[in-house]
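# Analysis of the macromolecular model
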Amino acid sequence: MWYNPAGLARIDRMTFHISANTYSYIKSTTKGFMEIPTHLDTKAKPNLTESDLSVVANTLVFGKKINKKWGMAVGFFVPYQDTLLGVAKAKDLEISLPGTLNFKGDTVLNAKYYEAIVGAGVKTLPSLSIGMALSLGYYLGTYQERSFIHLISGGTEILTYEEDSLSLSQLTFAFQGGVQYQINKNHWVSFNFKTPAWRLYGKGKYDMLSYSANTLGADSLDDDWIEKEVRVKTLHPILPASLTLGYAYSKIELFSLSLDITLTPKSTKETHANKTTLNFKAGAEFYLSSEIVLRTGVFSDFSQNKKVTLFSEEGASRMDFYGATFSFSFANNFIVIEKEKTGVKTLWSTFGIAARYGTGQVLVDALDLAYDEIPMVKNKTAFNIQVFIAESIHF
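This one's a predicted model, so the numbers in the text were calculated from it and none came from an experiment.

## Here we look at the overall build of the protein chain
In terms of helices and strands, the protein chain carries zero helices and 20 strands. Residues classed as buried in the protein chain amount to 39% of the 395 residues present. Of the contacts made within the protein chain by residues no fewer than 6 positions apart, 66% connect residues no fewer than 24 positions apart.

Shown next as structure tokens:
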């Protein structure tokens, strides 16, 4: 139901699926997160390294056959739930004033996204299925960036602290529909579309605090504090629409191959979605026996942000990812007694790993010769690996 609700029409029994845990590790590096002039007309360029290790229970789906033609399902998903911590440091730099400078910057990104989906599919013909689904999403995110600068020059010692934080929460809804057509016994084609995700409700807040003190010689103190609500438009698209074409070849209980191509048009309302992208997913499934299945795949995830420039929004980024997945599933059959009747149930256990690597650009700050902040575009790399466990039971 996550990819194409038309597949719900082919549910042949009651199904319960839970992905018990996803163990996720993320690491990213921004080259030269800060540029600091030194006394040799060169610049120190400390990198920002971000990392996170989290555990998420991310999928719960219940599906049921309604009648010969109809199937339905209800699902709860947690696509991501991360706290990304970043640190950049520069120590005892000989600067051009002359003097020495110590710098430390850290970032904290806390993002959570929950999505509930209800969908149904129907067989309009023996070889044709169609489906529709409604999704409700809730996003909660905070981003905080802090910097500490300790400057010593002559008889002056200046301590500067600056903190910027942005928090945002929003409720969204979207629709999707799909078609699956069986050409013959082994060949399938599919089409799936998703509408933009529209914001039903949103609330944001921005805080900025800066503090500067001269601790040697003549005392001086300068501080500033800003707190304001961020305007959030309702009934406004925050995620773009997409169209997916798919093809699959299957030999029942032997192997199957699939390929999906997804077109995501650029948005006229969101500045970070100003480029049309084409992404792919390719996968293979192999039955080693009726009770053991291996799966593997590759995919892309390209940014819709065409380019990051000095005039982009603060914190703008563009990251293009490639990834791969591998998993194996095994079945356990057990006997149950219900209402004095004996039956066999099948429990499928899945263990898998997914990894992706990305490169791109991000807008950061540099210091000019007067040690004031100026924007600068820097290269960024990111690596993410996930290990997941899932259970499915067929009644």
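## Some thoughts on the nonpolar core
The biggest cluster of nonpolar side chains holds 15 residues, and the ones touching the most others in it are Phe33, Ile36, Leu93, Leu101 and Phe103. Residue assignment for this core shows that the elements contributing at least two residues are β6 (70-95), β7 (99-125), β8 (128-153) and β19 (341-367). Tallying contributions element by element places β6 first for this core, with four residues. The residues touching Phe103, leaving out its near neighbours within four places in the chain, are Met34, Ile36, Pro46, Ala88, Lys89, Ala90, Ser147, Phe148 and Ile149. Among the nonpolar cores identified, the runner-up in size contains seven residues, and Leu8, Ile11, Ile117 and Ala133 belong to it.

## Side note on a nonpolar patch on the surface
The grouping of Ile130, Val179, Phe191, Leu243, Leu245, Leu259, Ile261, Leu263 and Leu278 at the surface amounts to a nonpolar patch, some 700 Å² of accessible area in total. Taken together, the elements giving at least two residues each to the nonpolar patch come down to β14 (242-251) and β15 (255-264). Among the elements that line the nonpolar patch, the one with the most residues is β15, at three residues. Relative to the elements of secondary structure, Val179 occurs in strand β9 (residues 156-182).

## Quick word on the side chain of Ser300
When you line up the elements, Ser300 lands in strand β17 (residues 292-301). A distance of 3.0 Å separates the side chain of Ser300 from the side chain of Asn279, its partner in a polar contact. Within polar-contact distance, the side chain of Ser300 engages the backbone nitrogen of Phe280 at 3.1 Å. Apart from residues no more than four positions distant in its own chain, Ser300 is found in contact with Leu278, Asn279, Phe280, Phe321 and Tyr322.

## Structural notes on the pattern of salt bridges
By the definition in use, this model includes five salt bridges. Across the pair Lys380 and Glu50 runs a salt bridge whose closest N-O atoms are separated by 3.3 Å. Placement of the pair is Lys380 in strand β20 (residues 373-394) and Glu50 in strand β4 (residues 48-56), with a sequence separation of 330 residues. Side by side, Lys380 and Glu50 carry an identical accessibility label, which is buried. Residue Arg146 pairs with Asp106 through a salt bridge whose shortest N-O separation is 3.0 Å. Here Arg146, found in strand β8, pairs with Asp106, found in strand β7; they are 40 residues apart in sequence, far enough to count as distant.

## Comments concerning the environment of Trp198
Mapped onto the secondary structure, Trp198 falls in strand β11 (residues 197-214). By relative accessible area, Trp198 is classed as partly exposed at 28%. Each C-alpha atom, one on Trp198 and one on Gly137, is 9.6 Å from the other, the two residues being 61 residues apart in sequence. Within polar-contact distance, the side chain of Trp198 engages the backbone oxygen of Pro196 at 3.4 Å.

## As for unusual backbone geometry
Located in the positive-phi region is Glu253, a residue other than glycine, with phi close to 55°. Of note, Glu253 is situated in the loop between β14 and β15.

## Let's talk about the environment of Glu285
For Glu285, the location among the structural elements is in strand β16 (residues 277-289). As a C-alpha pair, Glu285 and Leu254 span 31 residues in sequence and 8.3 Å in three-dimensional space. Not counting residues within four places of it along the chain, the set of residues in contact with Glu285 comprises Leu254, Phe255, Ser256, Val293, Leu294 and Arg295. A polar atom in the side chain of Glu285 sits 2.7 Å from the side chain of Arg295.

## Let's talk about the packing of aromatic side chains
What the rule picks out here adds up to seven aromatic pairs. Arranged with centres 6.1 Å apart and planes meeting at 15°, the rings of Phe330 and Phe351 form a pair that is stacked. Residue Phe330 is found in strand β18 (residues 317-338), and its partner Phe351 is found in strand β19; the two are separated by 21 residues along the sequence. Exposure remark for Phe330: the relative accessible area of 29% places this residue in the partly exposed category. On the accessibility criterion, Phe351 (31% relative accessible area) is partly exposed.

Rules and cut-offs
- Residues numbered from 1 in each chain as written.
- Predicted model: local features only at pLDDT ≥ 70, side-chain atom pairs only at ≥ 80, totals over all residues.
- Heavy atoms only, no water.
- Helix = DSSP H or I, 4+ residues; strand = E, 2+ residues; numbered from the N terminus.
- Buried < 20%, exposed > 50% of the residue type's maximum accessible area, 1.4 Å probe, protein only.
- Contact = heavy atoms within 4.5 Å.
- Core = buried A, V, L, I, M, F, W, Y, C linked by side-chain atoms within 4.5 Å.
- Patch = residues over 30% accessible without salt bridge, like charges linked within 9 Å, V, L, I, M, F, W, Y side chains within 5 Å.
- Areas by Shrake-Rupley, 256 points an atom, 1.4 Å probe, with all protein chains shown as cover.
- Salt bridge = Lys/Arg side-chain N within 4 Å of Asp/Glu carboxyl O.
- Polar contact = N/O pair within 3.5 Å; in protein donor to acceptor, adjacent residues only side chain to side chain.
- Phe/Tyr/Trp six-rings, centres within 6.5 Å; stacked < 30°, edge-to-face > 60°.

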